[in-house]
Amino acid sequence: MQSLKEIFTQGEDLIGKSITALGWIRSVRKSKAFSFIVLNDGSTQNNLQIIADQDISDYEIVSTMMTGTSVKITGKIVASGGQGQSIEMQAESVEVIGQVDEDFPLQKKATSMEFLRDVSHLRARTQTFGAIWRIGHALQFATHEFFNNKGFVNIHTPIITALDAEGAGDMFKVSTMDFARIPTSDKGEVDFSDDYFGEETTLTVSGQLQAESMVIGLGKVYTFGPTFRSENSNTKRHLAEFWMVEPEMAFVDLEDVADLAAEYVKYLISYALKNCADEMEFLNRRPRIKGGKLGPSINEKEEHLELLRQVADSEFKRISYTDAMKICDEADREFEFPTSWGAEMQTEHEKYLAEEYFKGPVIVTDYPKDFKAFYMKKNEDGKTVRAMDVLVPGVGEIIGGAQREDDLEKLKAAIAEKGMNAADLDWYLDLRRWGSVPHGGFGLGFERALLYITGMNNVRDVIPFPRTPKNAKF
Ligand code: 4AD
Ligand code: MG
């Protein structure tokens, strides 16, 4: 059986041939003399238009078809008189595979994104989500292609970990303990010795530390896996479970890390524009009714695709945290959070910089050490670290990375400064004991990148089954 994508690829070569198509009905317009069926099977953004004349033997079946019905239709491919497609089908025989009733929630009229999240198990049946999931697939494929072409080795880092060292966010606990009878020590602390791993374990917040151990030996590695953060963030860009792409390179400095980050983001954009042109066009044309229904595109710009094309050909601006906060401080606008040196850079600052000031992606480097992780390499000034974030319009931060501290004594000092326990990190310190080299890498939030590229406006709409506070349905 051919998919619609394969059928459209052959296009006019199929004219005059009889073929069979399987799929779900997007819409059907019935009249006495003939009916007009619009079919899609998820393989492509394009729908097959099918004309069923009243003289086909099973025409009464057509009258039972509705939006959502799954069908098998055989017919002759003819040149299309309509717009858009070069071919359409003249039905010869029709068959209903699975019927729907009027309770089917996805009727042809526009439904809100919020409503569709409640029926996430049906979202793949809509044109919008079909486009998003196909673009998401393409960008995963592009990710592996990009790193493979550069000689990176893909590593699976653990999902369950006893490390609590990253400091990247709150963690979900992993345990087989009976929650009604949690064993405690004399001091009243939870006793994990009889728990499955014999110590406290959590879901990972990042595969970086393990990737670092791999890179000291393999030279270039990346991991692409699920990542978990349990902070109570109800925003358009936070998920409790998301996927992170984390490359790590040996013998590099922060400039090299920033170069790789910019090249990778541009690769993803170019890949989507080239390989998902129909999907990207569709999402850009999507009705953007304001006030609840079908939200506006994330950057509310009609020229989203044009902006992406420009970004794919541009140099990303680079600026230090110190200069970036100065720009915010001098900006003619009120921010909710402080813009003084040493203040944490918030989403509002990130969005101001990327959307309004630079009007494109910007790489911010050298953040104050106090709100960055212990493993980042300290600058000579003793106040800042060799960190870099990539900020993009509409979303803010999509990448966070750094050059790592490769000096054993300095790393030990940073661990002590953060009040962490060096004994837990002994294996990580070993990496600096034996053959330490300058190295660094970054993490790209896959859904945030997809959010930016698709121009959607909520990260919950670019992951099939979002996990957020008070929501783990499906
Ligand atoms: O900036 P983060 O916390 O960096 C790290 O975890 C480093 N260990 C990565 C590394 O250097 N290997 O997270 C990296 C990226 C962010 O820039 C963001 O895109 C995404 O992960 N991210 C989230 N995406 C969705 N929901 C959340 N709650 C996210 N938290 C981080
Ligand atoms: Mg970050």
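A few points on the structure. (Residues numbered from 1 in each chain as written. Chains lettered and ligands numbered in written order. Predicted model: local features only at pLDDT ≥ 70, side-chain atom pairs only at ≥ 80, totals over all residues. Heavy atoms only, no water.)

## Some words on the overall build of the protein
Step number 1: Secondary structure summary: the protein contains 13 helices and 16 strands in total.
Step number 2: Oriented by its inertia axes, the alpha-carbon framework of the protein measures out at about 85 × 55 × 45 Å.
Step number 3: Counting over 474 residues, the protein shows a buried share of 52%.
Step number 4: In the protein, the proportion of contacts linking residues at least 24 apart, taken out of those at least 6 apart, comes to 67%.
Step number 5: The average position of the 54 basic charges and that of the 74 acidic charges among the side chains of the protein differ by 4 Å. (Helix = DSSP H or I, 4+ residues; strand = E, 2+ residues; numbered from the N terminus. Buried < 20%, exposed > 50% of the residue type's maximum accessible area, 1.4 Å probe, protein only. Contact = heavy atoms within 4.5 Å. Lys, Arg positive; Asp, Glu negative; His and termini not counted. Charge placed at Lys NZ, Arg CZ, Asp CG, Glu CD.)

## As for the environment of Met-113
Step number 1: Along the chain, Met-113 turns up in helix 3 (residues 113–118).
Step number 2: Judged by its relative accessible area of 3%, Met-113 is buried.
Step number 3: Through-space distance from the C-alpha of Met-113 to that of Asp-461 is 7.6 Å; in sequence the pair is 348 residues apart.

## Section: the sheet that holds strand 9 (residues 201–203)
Step number 1: In space, the three strands of this open sheet follow the order 7-9-8, with antiparallel pairing throughout. Sheet topology places strand 7 (160–161) and strand 8 (173–174) at the edges, where each strand pairs with a single neighbour.
Step number 2: Bridging between strand 7 and strand 9 involves two bridges; their strand directions are antiparallel. By the bridge assignment, Thr-161 is partnered in strand 9 with Thr-202. (Pairing = 2+ DSSP bridges.)

## A short note on a nonpolar patch on the surface
Step number 1: A contiguous nonpolar patch, built from Ile-159, Ile-160, Tyr-196 and Phe-197 and spanning about 400 Å² of accessible area, is present on the exposed surface.
Step number 2: In this fold, Ile-160 is placed in strand 7. (Patch = residues over 30% accessible without salt bridge, like charges linked within 9 Å, V, L, I, M, F, W, Y side chains within 5 Å. Areas by Shrake-Rupley, 256 points an atom, 1.4 Å probe, with all protein chains shown as cover. Salt bridge = Lys/Arg side-chain N within 4 Å of Asp/Glu carboxyl O.)

## Quick notes on the pairing of strand 16 (residues 439–445)
Side chains on a regular strand alternate between the two faces of the sheet.
Step number 1: Judged by how many residues are buried, strand 16 sits mostly within the fold: seven of seven residues are covered.
Step number 2: Alternating residues of strand 16 divide into His-439, Gly-441, Gly-443 and Gly-445 and Gly-440, Phe-442 and Leu-444, and every residue in both groups is buried.
Step number 3: With five bridges joining them, strand 11 (residues 241–250) and strand 16 adopt antiparallel strand pairing. In the sheet register, Ala-250 faces strand 16, and the bridge partner there is His-439.

## A short note on the nonpolar core
Step number 1: With 66 residues, the main nonpolar core has Met-388 and Leu-444 as its most contacted residues.
Step number 2: Excluding residues within four positions of it along the chain, Met-388 makes contact with Leu-254, Val-257, Ala-258, Ala-261, Ile-363, Val-364, Thr-365, Ile-399, Gly-400, Gly-401, Ala-402 and Phe-442.
Step number 3: Counting residues in hydrophobic clusters, the runner-up holds 34 residues, among them Leu-163, Ala-324, Val-385 and Ala-387. (Core = buried A, V, L, I, M, F, W, Y, C linked by side-chain atoms within 4.5 Å.)

## Quick word on the environment of Asp-366
Step number 1: Inspection of the secondary structure puts Asp-366 in strand 13 (residues 362–368).
Step number 2: In this structure, the C-alpha to C-alpha distance between Asp-366 and Thr-111, residues 255 residues apart in sequence, is 44 Å.
Step number 3: When neighbours within four sequence positions are excluded, Asp-366 is seen to be in contact with Tyr-321, Asn-379, Thr-384, Val-385, Arg-386 and Ala-387.
Step number 4: A distance of 2.9 Å separates a polar atom in the side chain of Asp-366 from a polar atom in the side chain of Thr-365.
Step number 5: Here Asn-379 takes part through its side chain, which lies 2.7 Å from a polar atom of the side chain of Asp-366. (Polar contact = N/O pair within 3.5 Å; in protein donor to acceptor, adjacent residues only side chain to side chain.)

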